[in-house]
Amino acid sequence: MTDEPLVLGIETSCDETGIGIVRGHTLLADAIASSVDEHARFGGVVPEVASRAHLEAIVPTMQRALDDAGVSLADIDAIAVTAGPGLAGALLVGVAAAKGYALAAEKPIYGVNHLAAHVAVDTLEHGALPEPAIALLVSGGHSSLLLVDDLAHGVTPLGATIDDAAGEAFDKVARLLGLPFPGGPPIDRAAREGDPEAIAFPRGLTAPKDLAAHRFDFSFSGLKTAVARWVEARQRAGEALPVADVAASFQEAVCDVLTAKAIDACRAQGIGTLVIGGGVAANSRLRALAEQRAEKYGIQVRVPRPKLCTDNGAMVAALGSHLVAAGVAPSRLDLPADSAMPLTIVSV
Amino acid sequence: MTTAVELPALEDTHAFGDRLSRLLRAGDLLVLTGPLGAGKTALVQGIGAGLAVQGDITSPTFVIARVHKPDPARGGSLPLVHADAYRLGAASDPRAEIDDLDLDASMDDAVTVVEWGEGIVEQLADAHLRVHIDRRDDDSRLVRLEPSGGDWAERLAALR
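Each value, and the rule that gives it
Residues numbered from 1 in each chain as written. Chains lettered and ligands numbered in written order. Predicted model: local features only at pLDDT ≥ 70, side-chain atom pairs only at ≥ 80, totals over all residues. Heavy atoms only, no water. Buried < 20%, exposed > 50% of the residue type's maximum accessible area, 1.4 Å probe, protein only. Helix = DSSP H or I, 4+ residues; strand = E, 2+ residues; numbered from the N terminus. Pairing = 2+ DSSP bridges. Core = buried A, V, L, I, M, F, W, Y, C linked by side-chain atoms within 4.5 Å. Contact = heavy atoms within 4.5 Å. Salt bridge = Lys/Arg side-chain N within 4 Å of Asp/Glu carboxyl O. Axes fitted to C-alpha atoms, helices over the stretch in contact; angles between N-to-C directions. Parallel < 35°, antiparallel > 145°, perpendicular 65-115°, else oblique. Expected span 1.5 Å × (residues − 1). Arc of directions from axis to C-beta. UniProt positions renumbered as here; feature names shortened; annotations may be inferred. pLDDT = per-residue confidence, 0-100. Polar contact = N/O pair within 3.5 Å; in protein donor to acceptor, adjacent residues only side chain to side chain.

All names here are of chain A. The buried count for strand 6 (residues 133–138) comes to six of six residues, which makes it a mostly enclosed element. Side chains Ala-133, Ala-135 and Leu-137 of strand 6 all project onto a buried face; the interleaved residues Ile-134, Leu-136 and Val-138 project onto the opposite face, where all are buried too. Between the end of strand 6 and the start of strand 7 (residues 143–150), which pair antiparallel, lie four residues. One ladder, built from four bridges, connects strand 6 with strand 9 (residues 273–277); its direction is parallel. Following the sheet pairing, Leu-137 is matched in strand 9 by Gly-277.

All names here are of chain A. Counting residues in hydrophobic clusters, the biggest one holds 50 residues, and the most contacted among them are Leu-136, Phe-201, Phe-250, Leu-258, Leu-274 and Ile-276. Put simply, the parts of the chain that give this core at least two residues each are strand 6, strand 7, helix 6 (166–176), helix 7 (184–191), helix 9 (221–236), helix 10 (243–269), strand 9 and helix 11 (284–296). The contact partners of Leu-274, leaving out residues within four places of it in the chain, are Ile-134, Leu-136, Ala-262, Ile-263, Cys-266, Ile-299, Gln-300, Val-301 and Arg-302. Residues Tyr-110, Val-112, Ala-135 and Leu-343 belong to the second largest nonpolar core, which totals 34 residues.

What follows deals with the pattern of salt bridges. With the rule as written, the count across this model stands at 26 salt bridges over all chains. A salt bridge links Asp-264 of chain A to Arg-215 of chain A, with the nearest nitrogen and oxygen atoms 2.8 Å apart. Residue Asp-264 of chain A is located in helix 10, and its partner Arg-215 of chain A is located in the loop between helix 8 (208–214) and helix 9; the two are separated by 49 residues in the primary sequence. Look at Asp-264 of chain A and you get partly exposed, because its relative accessible area is 26%. Across the pair Arg-234 of chain A and Glu-239 of chain A runs a salt bridge whose closest N-O atoms are separated by 3.4 Å. Classification of Glu-239 of chain A by relative accessible area gives partly exposed; the value is 44%. One salt-bridge network, held together by shared partners, links Arg-25, Asp-28, Asp-151 and Arg-155 of chain B.

This part is about the packing of helix 6 of chain A against helix 10 of chain A. All names here are of chain A. Where helix 6 contacts helix 10, the two axes come as close as 11 Å, and the packing angle between them is 175°. One finds that helix 6 runs roughly antiparallel with respect to helix 10. From helix 6, Ala-166, Ala-169, Phe-170 and Val-173 reach across to helix 10, where they touch Phe-250, Gln-251, Val-254 and Leu-258.

Turning our eyes to something else, we now look at helix 1 (residues 10–21) of chain B. All names here are of chain B. In this model, helix 1 (12 residues) spans 17 Å end to end at C-alpha, consistent with the 16 Å of a helix rising 1.5 Å per residue. Among all positions in helix 1, only Thr-13, Phe-16, Gly-17, Leu-20 and Ser-21 are buried. Mapping the buried residues of helix 1 onto a view down its axis gives an arc of 140°, with all of them on the same face. Residues of helix 1 that are buried in the fold lie against strand 1 (3–7), strand 2 (29–33), helix 2 (40–51), strand 6 (128–135) and strand 7 (141–148).

For the rest of this paragraph, the subject is helix 10 of chain A. All names here are of chain A. Its 27 residues give helix 10 an end-to-end C-alpha distance of 39 Å, which sits within 8% of 39 Å, the value for a rise of 1.5 Å per residue. The element helix 10 is extensively covered by neighbouring structure, given that 19 of its 27 residues are classed as buried. Looking one or two residues beyond helix 10, the residue adopting positive phi is Gly-270, at roughly 65°.

To continue, consider the UniProt feature "binding site: substrate" (unreviewed entry) in chain A. The UniProt record marks Leu-137, Val-138, Ser-139, Gly-140, Gly-141, Asp-171, Gly-184, Asp-188 and Asn-283 of chain A with the feature "binding site: substrate" (unreviewed entry), using the residue numbering of this structure. Considering the arrangement of structural elements, one finds Gly-141 of chain A in the loop between strand 6 and strand 7. Excluding residues within four positions of it along the chain, Gly-141 of chain A makes contact with Ala-165 of chain A together with Phe-62 of chain B. Looking at the element boundaries, Asp-171 of chain A is found in helix 6. Judged by relative accessible area, which is 14%, Asp-171 of chain A ranks as buried.

Time to look at the confidence of the model for chain B. Summing up the model confidence of chain B, the mean pLDDT is 88 and the portion of residues at 70 or higher is 89%. Confidence metrics for the complex model read pTM 0.90 and ipTM 0.84.

Time to look at the sheet that holds strand 10 (residues 300–302) of chain A. Residues and elements named next belong to chain A. Ordered by their spatial adjacency, five strands build an open sheet running 8-7-6-9-10, and the pairing between neighbours is mixed. Two strands bound the open sheet, and with one partner strand each, they are strand 8 (154–160) and strand 10. Strand-to-strand, the axes of this sheet are offset by a mean angle of 25°, without reference to chain direction. Bridge analysis of strand 9 against strand 10 gives three bridges, and the strand direction is parallel. Opposite Thr-273, over in strand 10, you have Gln-300 as the bridge partner. Taken strand by strand, helix 11 contacts strand 6, strand 9 and strand 10, and its axis lies near 160° from that of strand 10.

Residue and element names in this part refer to chain A. Taking the numbering used here, the UniProt-annotated feature "binding site: Fe cation" (unreviewed entry) corresponds to His-114, His-118 and Asp-311. In three dimensions, the annotated residues from a span of 198 residues occupy one location, with a maximal C-alpha spread of 8.7 Å. If you trace the backbone, His-118 turns up in helix 4 (residues 114–120). In this structure His-118 comes out as buried when scored by relative accessible area, which is 2%. Non-local contacts of His-118, meaning those with residues more than four positions away in its chain, are made with Leu-137, Gly-277, Gly-278, Cys-309, Thr-310, Asp-311 and Met-315. Along the chain, Asp-311 falls in the loop between helix 12 (306–309) and helix 13 (313–325). For Asp-311, a relative accessible area of 15% corresponds to the buried category. Dropping the residues within four chain positions of it, Asp-311 is found in contact with Glu-11, Ser-13, Cys-14, Glu-16, Ile-32, His-114 and His-118. Within the local environment of Asp-311, its side chain forms a polar contact with the side chain of His-114, the two groups lying 3.3 Å apart.

So, in structure tokens, the structure goes:
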């Protein structure tokens, strides 16, 4: 036996109904039900579809997680749940379920920040996170650089996207190229057959005048527009679209800026650890380029395996476990869901 | 009666949003249209700057809608609801999806700006202003403002 905390995590901030169970840094169960297939039919997230799907999935997913981990609810030391940010209706389902389970089983509850959980999940793969670390969080709704000096109590935002998120750019470019939703995996696949230098797409906020005010911020709107213009010009000319080259060149532009700014943040802060999280961290080129550039400066890059990068319950459990170990007080049972929860708040 | 405005550069889109914001009052609905990359979010950033609201205005595609509270310290008094129906467009009944967002709950007290909302959100208010942005080959923009109901036509005269 071990005295490390056994923590259950519930995630319902967007598409996935995820319930994970961890003991300390050890992953015991990671059960997921996804409404992505339903959303794919609509070309995106549909709030009401998401809420309804969570409601239907949560009890069976809970049972599957407990079975996979070989534990019962009575064995659990604490329940963690994503309290924000995310879609309001979707968050509410998870928070209400967590409260119900916490009340019924008399367990402490932790309402946690979804983005901090994307950082914490790496502890399941690589063990305790050295602090301070720099975190690059890239997903459909977020693109942020964070200084993580104390993950249990708060993180310091260094920069973020000033327009579109990186994952959103992948989704929109995929649609331009006639590739399915979500756009990340099909662009990654198509790019492997393409030339990343075929088209010189813009790198947002990297010009000297932009760096002065936006050194650690991102902008992917101009890139999205540039791809749209390029594609439209080919279509107007009646030419076939070189999908692989466009995908590779677009992906290279995104990964180039993300990794350059993340490494710059590490060097500016004198930090030797870069952790990358969020759905876009599953991108193969982002992982490769980050490692290649970090090596030059002796920076260690930590990226969890793709399944842990996308939304899941294990990441929420991992953060909950970290909070319990750090002696952070649980949340009140009337904790609210906060769709716009700021990054500076790790648990409510 | 359509009002057309030329915007040579991105900064002009922002500045035009700022100018447009001076016409706005509680209960207003703006429906933004135009192709991918036309500058819809950039225009809302300008409107937000003019209204002096809190928080960074970024694309709401993923979260569907975001409410920006006014910043009284900078003279702000109107909340801005920034919504994006991009992901709702292909739903079987997108109007029901918009209703689920409960945007109407705050509409009377706020300025509501919806991207990709054409044909979906107009029923949220008695009147609205349609703002269509076109992106041209030289990267300049042409904005067309189409009033629909209310006193939009009179208010737009102030822009000329």
